[in-house]
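Examination of the molecular architecture
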Number of protein chains: 2
Amino acid sequence: MSDSLSTIATTLRDAKTIAVASHVRPDGDSIGSIVALGRSLALAGKTVHIISEDEVPGNLTFLPGTELIQRADGQALDIDVAVALDTATKPRLGDRVNGCMGKAPLLVNIDHHGTNPQYGHLNFIDISYPATGEIVYELLSHHGFPMDDGIRQNLFAAISTDTGSFQYDNTSPRTHRIVAEMMEQGLDTAELARSLYQSHPLRRTLLLKALLNEMQLTCDGRIASWALTMETQKAVQMEPGDTEGLIDSLRTIEGVIAAVIFEDMPDGKIRISARSKDPRLDVSKVCAEFGGGGHRMAAGARMPGPIATAEARFFDSLQNEIKRLS
Amino acid sequence: MSDSLSTIATTLRDAKTIAVASHVRPDGDSIGSIVALGRSLALAGKTVHIISEDEVPGNLTFLPGTELIQRADGQALDIDVAVALDTATKPRLGDRVNGCMGKAPLLVNIDHHGTNPQYGHLNFIDISYPATGEIVYELLSHHGFPMDDGIRQNLFAAISTDTGSFQYDNTSPRTHRIVAEMMEQGLDTAELARSLYQSHPLRRTLLLKALLNEMQLTCDGRIASWALTMETQKAVQMEPGDTEGLIDSLRTIEGVIAAVIFEDMPDGKIRISARSKDPRLDVSKVCAEFGGGGHRMAAGARMPGPIATAEARFFDSLQNEIKRLS
Ligand SMILES: [Mn+2]
Ligand SMILES: [Mn+2]
C-alpha cells in the first residue's frame, strides 16, 4: 500500500531540514527529480541538502540547480526528513548517501519501479508513472509547493529522458498533459531537447563507432549486443553519461527484439543493460535471474566478469526467454 | 486571410466525390494527412480518391490505409472537391496530380507552410500548427467527421514526424493535448514510435558505421563531413530513404557548426546536404553559390564530380563563410 501524496506533502511541509537523494550512477530522471524537489523545498523556506553518491553526468550539468548537488561524504546529517527518489532499493542510494541520511527520523520513498520494496517510512510507489519526475510534478503542483522555470526544466528532463522523448510504452496521456501545462507556464521544451539530445562530446561519437564496429547479431538477428571493454573506455576517455542512449543504436535494427550492452566496471564486475522491443519479451525477468531488475522493456544487472563469461550466462537465459515467445 | 475550418467542413460535407493529395516526395505529414482525411471522408459515405505523384516511402507503408493511395495517372477525375494537404505551392502536388484534380470545381488548400500563396478556392494556412496532420485532427474532431484507430495512427505519424518526436520548436501545448486525447481514445503511440523510429534496416546501421569510420573533422572541429561514395552505396545495397537523418550524427558532435554529406549520384553528380548548428552560419548561402538553396540551417546543392573536387570547392566557400563569424 502506497501512502498518498498529500500525506507526504504534509510531512514535507512540517519539516524544517530535509535531505533529498537518488540512486548511484544518476540519470536524467534521478537528477531532474532531486533538483526539482530540492529547489522547490528550498523556495518554500526549508533547509535542503541535495546529495548524490556519484557525480552529475556531464550531459546533465546544463540543467539549472545541478550545481547545488553535493557529493555525499557519509557523515550523518541533522535532518527531519530524508527523501529517496527514483531509487528501487535502499542500497542503490549508495553507501555515503545512506550514511548521510542514517539519522533521519523519517525516510520518504518516492519511486516508479514496481520492484521497490517500500523501504521508507512513507512510500509512494506507482508504476503508472513513466518517470519519478512525473510524480514530483504532481506532488509540487497539486499540493501548493513552489515551482519556477528551473524546476520545470528539471522535471521535463526527468520525464523526457525516462520516456525516450515520449516514445516508450510508459508514456501516458497524463505525461503529455503535464508537458502541455509546463509549456503553457513558459517552458521551452525545444531548447531542452537540443541540450538533452542534440549535442554530444566527440567521445560519445567514438563510442558509437566502436559499438557499430564491434556489435554482434545473434539468435537469428533477434539479439544485438556489444561488449564495452575497459580498453575502449580508456581509449575514448569515457566519462559518466557517455553511454546514455547508445543501446538504442542496437535496439533500432530491424528484426532485433533484444539489445544488450555488457560493460566492464572498474571493480571487475560487468554491468548489463538490456532493452526489449517486443512487449512479450520481459528483459527484467532475465536480469532478475542475475540479481538485477528494472522494467519489462528496460532492465539491468551486474554479474561477475570477465565479459565473455557474463555474456555466455546472460545469453543462455535470454535465449530461453526468446524461445518461449514462438 | 484563411477560411475557417467550419467553412471547409461544410464544403466537404456537401461534396459527394472528393480527391485528396499532397506533395511530391511525400513525408510522414503528407502521407498521414491524406490517408487520415481520405479515410474519414470515406467513412462519412463519400467517394474518395487518395492520390499521390510519388510512391509511399517504405518506412511509412506500415500505416493502415496507405494501401489505398493510388499513384496519379494524370487523367482528370470527375470530382466535386479536390483537397491539397501540406503542399506549399500548387506545382508541388506534381504534374499528374494536378492533371487528376484539374477539373475539380473547387480546390481546398490546407497547409502549415507560411510561404503558401493560398492557391485554393478555400484556404486554411496556419503556421502555428507544427504539422498539417494537427490541422486535420481539428477539422475531423471539431466538426463531427468519423475517426477510428487507423485514422488516429496516421494523424499521430504526421504530427510526430513533423515535430521530430515533440523536440522541434514548432511543438506546442496543443500538440501534446491532441496526442493525449488520441491516447485516451485508445491510440498506442509507443507501438507507432517503434515503427516510425525504432526500426531501421540493417543497411542503415551499416551506412552509419561507414559514416563514423570515414567522417572528417576539419576547420578546427567546426566542420564534420562525410563522402558517401558509390562503392559504399553498393556495398550496403542502399535504397532511397536510407540516408534520412544520417547527417544528424555529424551535426550533434560538440563544437561542430556545419555538417556536410557529399553523395555520389548515379548521373555522376555529387549531391550535397548541409546543416548549420550556429544561427549565424547560413549554409543556404554557400549552397546557393553552387546553384542550390534551402533554409539557413538546412540546405543542399548538386555539383559536378568527382567527390574530391566538389569537396574542395564547397569547403573553400564554407570556410570563408565560417571565418566571417569570428
Ligand atoms: Mn526513473
Ligand atoms: Mn508538414
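The residue count restarts for each chain, going from 1 along the sequence in the order it is written. Whichever chain is written first is A, and whichever ligand is written first is 1; the rest continue in order. Where totals are concerned, whole chains, interfaces and linings use all residues; where local detail is concerned, this predicted model gives features only for residues with pLDDT of at least 70, and gives and counts side-chain atom pairs only at 80 or more. In computing side-chain properties, one takes all heavy atoms of the structure into account and sets aside hydrogens as well as water.

Structural notes on the coordination of the manganese ion (ligand 2)
Residue and element names in this part refer to chain B. For Na, K and Ca the donor cut-off is 3.2 Å; for every other metal, N, O and S atoms count as donors within 2.8 Å. Water does not enter the count, which can leave sites looking incomplete. All of the protein donors around the manganese ion (ligand 2) are Asp 29 (OD), Asp 86 (OD), His 112 (NE2) and Asp 162 (OD); their distances to the metal are 2.1 to 2.3 Å. The motif formed by the donor residues of the manganese ion (ligand 2), counted along the single chain, is D-x56-D-x25-H-x49-D. Of the two residues, Asp 86 is situated in the loop between β4 (81-85) and α3 (95-101) and Asp 162 in helix α5 (residues 149-162); the sequence distance between them amounts to 76 residues. Helix numbering and strand numbering both begin at the N terminus, where a helix is a DSSP run of H or I of at least 4 residues and a strand a DSSP run of E of at least 2.

Observations concerning the coordination of the manganese ion (ligand 1)
Residue and element names in this part refer to chain A. With distances of 2.1 to 2.3 Å, the protein atoms coordinating the manganese ion (ligand 1) are Asp 29 (OD), Asp 86 (OD), His 112 (NE2) and Asp 162 (OD). As a motif over one chain, the donors of the manganese ion (ligand 1) read D-x56-D-x25-H-x49-D. Of the two residues, His 112 sits in the loop between β5 (107-111) and β6 (122-125) while Asp 162 sits in helix α5 (residues 149-162), which places them 50 residues apart along the sequence. For His 112, a relative accessible area of 3% translates into the label buried. Relative accessibility under 20% of the residue-type maximum defines a buried residue, over 50% an exposed one, and the middle range a partly exposed one, all with a 1.4 Å probe and only protein chains included.

Observations concerning the nonpolar core
Counting 92 residues, the largest nonpolar core has Leu12(A), Leu37(A), Val83(A), Leu12(B), Leu37(B) and Val83(B) as the members making the most contacts within it. Contacts are assigned to residue pairs with any non-hydrogen atoms lying within 4.5 Å of each other. Not counting the four nearest positions on each side in its chain, Val83(B) is found in contact with Leu12(B), Ile18(B), Ala19(B), Val20(B), Ala21(B), Leu37(B), Met101(B), Val108(B) and Ile110(B). Within the second largest apolar cluster, 34 residues are counted, among which are Leu208(A), Ile247(A), Ala210(B) and Leu250(B). Residues grouped as a nonpolar core are buried Ala, Val, Leu, Ile, Met, Phe, Trp, Tyr and Cys residues, joined through side-chain atoms within 4.5 Å.

As for the domain arrangement of chain A
All names here are of chain A. In this document the domain limits rely on a domain assignment from an automatic tool or a database. In terms of domains, chain A is made up of domain 1 (5-197) and domain 2 (203-323). Taken over C-alpha atoms, the centre of domain 1 sits 27 Å from the centre of domain 2. In this assembly, nine residues from domain 1 lie in contact with 11 residues from domain 2. For the pairing of domain 1 and domain 2, the buried interface totals around 810 Å² over both sides, and the portion due to carbon and sulfur atoms is 45%. Here a salt bridge means any side-chain nitrogen of Lys or Arg lying within 4 Å of a carboxyl oxygen belonging to Asp or Glu. Where domain 1 meets domain 2, there are one salt bridge. One salt bridge in this structure joins Arg 25 and Glu 263, with 3.9 Å as the shortest N-O distance. Counted as a polar contact is a pair of N or O atoms within 3.5 Å, where, for protein atoms, one must be capable of donating a hydrogen and the other of accepting one, and residues adjacent in sequence contribute only when both atoms are in side chains. Our enumeration of links across domain 1 and domain 2 arrives at zero residue pairs in polar contact (both at pLDDT 80 or more). For the side of domain 1 that touches domain 2, the class distribution of residues is two nonpolar, four polar and three charged. Buried area adds together the accessible area that both of two parts lose upon being put together, with accessible area traced by a 1.4 Å probe. For this classification, the nonpolar set comprises Ala, Val, Leu, Ile, Met, Phe, Trp, Tyr, Cys and Pro, the charged set comprises Asp, Glu, Lys and Arg, and every other residue, Gly included, is treated as polar.

Here's the deal with unusual backbone geometry
All names here are of chain A. With an omega of -5°, the peptide bond between Gly 305 and Pro 306 qualifies as cis. In this structure, Asp 86 takes a positive phi of about 60° despite not being glycine. Backbone geometry places Cys 219, a non-glycine residue, at a positive phi of 55°. Tracing the backbone shows Cys 219 in the loop between β7 (216-218) and β8 (223-228).

Observations regarding the interface of chain A and chain B
On the side of chain B, 37 residues touch chain A, which itself brings 39 residues to the contact. Across the chain A/chain B interface, buried area totals approximately 3,600 Å², and carbon plus sulfur atoms make up 55% of it. Linking chain A with chain B are four salt bridges, by the criterion used here. Note that Glu184(A) and Arg177(B) form a salt bridge whose closest N and O atoms lie 2.7 Å from each other. The interface formed by chain A and chain B contains 17 residue pairs in polar contact (both at pLDDT 80 or more). If you list the elements that add at least two residues to the side of chain A that touches chain B, you get α6 (173-184), α7 (189-197) and α8 (202-214) of chain A. The residue inventory of the side of chain A that touches chain B, partitioned by class, reads 18 nonpolar, 11 polar and 10 charged.

Points about the UniProt feature "domain: DHHA1" (unreviewed entry) in chain A
UniProt positions are given in the numbering used here, feature names are shortened, and annotations may be inferred rather than shown by experiment. Per the UniProt record, "domain: DHHA1" (unreviewed entry) is annotated on residues 237-316 of chain A. Overall, residues 237-316 of chain A shows 25% helix and 30% strand. The separation of its end C-alpha atoms is 32 Å.

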